[in-house]
Amino acid sequence: MRLNHVRRGSGSPLLLVHGLGAGWRSWAPILDELAEHHEVIAVDLPGFGETPPLTGEVSIATLTDSVADFIRDEGLDGVSTVGQSMGGRIVLELARRGVGGDTVALDPGGFWSDRELVVFGATLRPSIALVRALRGMLPALLGSAAGRTLLLAQLSARPWALTRETVLPDVRGLADSPSTGAALDALTKGPKQQGAPAGTAPGRVTIGWGRRDLVTVPRQATRATELFPDAVLHWFERCGHFPQWDAPIEATQLILNSTA
């Protein structure tokens, strides 16, 4: 399978891996700014955006395989990788495997306790069902501060301050992507993320976390840095699960400072 992707800019390559939602368009709030410094390559994971779903098992391992295959097939050995949410978990898994170069993981999944995992599944699944039920009304609902606050309180620390253009692609992606359910099952029912012992990652590892993240809650950052002891932890203040929504300038600067 060849992943659909876009390329912007020039310079050293930077690979962006999205989470549940819109595919590569999830990076739209910061993509052009990153492309001023790098050749940015943003992929659609299988079953998201314009990439067809996997024909076999959907798991974090098989989704990571698809990205590792893309890196190999595109001649991107040593590429710096950036991921958010599920994508953050995937780039950490790539680093654990020794694939890529510098790694930036923003609010990565995979570090829940058993209790937190139950809460995550029990809250996110109804949210996805709600946006599917409201699919035709999403542009109007997300066009108002009240509608954004109602629908996105779990995902953003300041949903009323965002724009419809920023959030609509990801919310539609949650509703429409054929692999949303299977990927959510992979996160909630599959194994938790394994770590990389000190000195084994192929480059620098940076983990960014929103202080007000209600999806991957902040205390999970401690587990992440214990499993990836070489990682540098960066806190986004007044930020929820999507740093590219709530703190786009800060997220851009963190990525630029943390990748070659």
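In what follows, the structure referred to is the one given above.
Residues numbered from 1 in each chain as written. Predicted model: local features only at pLDDT ≥ 70, side-chain atom pairs only at ≥ 80, totals over all residues. Heavy atoms only, no water.

Points about the packing of aromatic side chains
For any two aromatic rings, the description comes down to two numbers: the centre-to-centre distance and the angle of the planes.
1) Next: Tallied over the entire structure, the rule returns 3 aromatic pairs.
2) Next: Geometrically, the ring pair formed by Phe111 and Phe228 is edge-to-face, given 6.5 Å between the ring centres and 80° between the ring planes. You can see Phe111 sitting in the loop between strand E5 (103-106) and helix H4 (114-133) and its partner Phe228 sitting in the loop between helix H9 (220-227) and strand E7 (232-236), a full 117 residues away along the chain. As far as the burial class goes, Phe111 and Phe228 line up, both buried.
3) Next: An angle of 10° between the planes, with centres 4.1 Å apart, marks the rings of Phe242 and Trp245 as stacked. For the pair formed by Phe242 and Trp245, the shared burial category is buried. (Phe/Tyr/Trp six-rings, centres within 6.5 Å; stacked < 30°, edge-to-face > 60°. Helix = DSSP H or I, 4+ residues; strand = E, 2+ residues; numbered from the N terminus. Buried < 20%, exposed > 50% of the residue type's maximum accessible area, 1.4 Å probe, protein only.)

Let's talk about helix H3 (residues 86-97)
1) Next: For H3, with 12 residues, the first-to-last C-alpha span of 17 Å sits near the 16 Å given by 1.5 Å per residue.
2) Next: Within H3, 10 of the 12 residues are buried, leaving the element largely enclosed by the surrounding structure.
3) Next: By the burial criterion, the buried members of H3 are Met86, Gly87, Gly88, Arg89, Ile90, Val91, Leu92, Glu93, Leu94 and Ala95.
4) Next: Taken together, the buried residues of H3 touch strand E2 (13-17), helix H2 (60-73), strand E4 (80-84), E5, helix H8 (180-189) and strand E6 (205-210).
5) Next: At the C-terminal side of H3, Gly98 shows a positive phi close to 85°. (Expected span 1.5 Å × (residues − 1). Contact = heavy atoms within 4.5 Å.)

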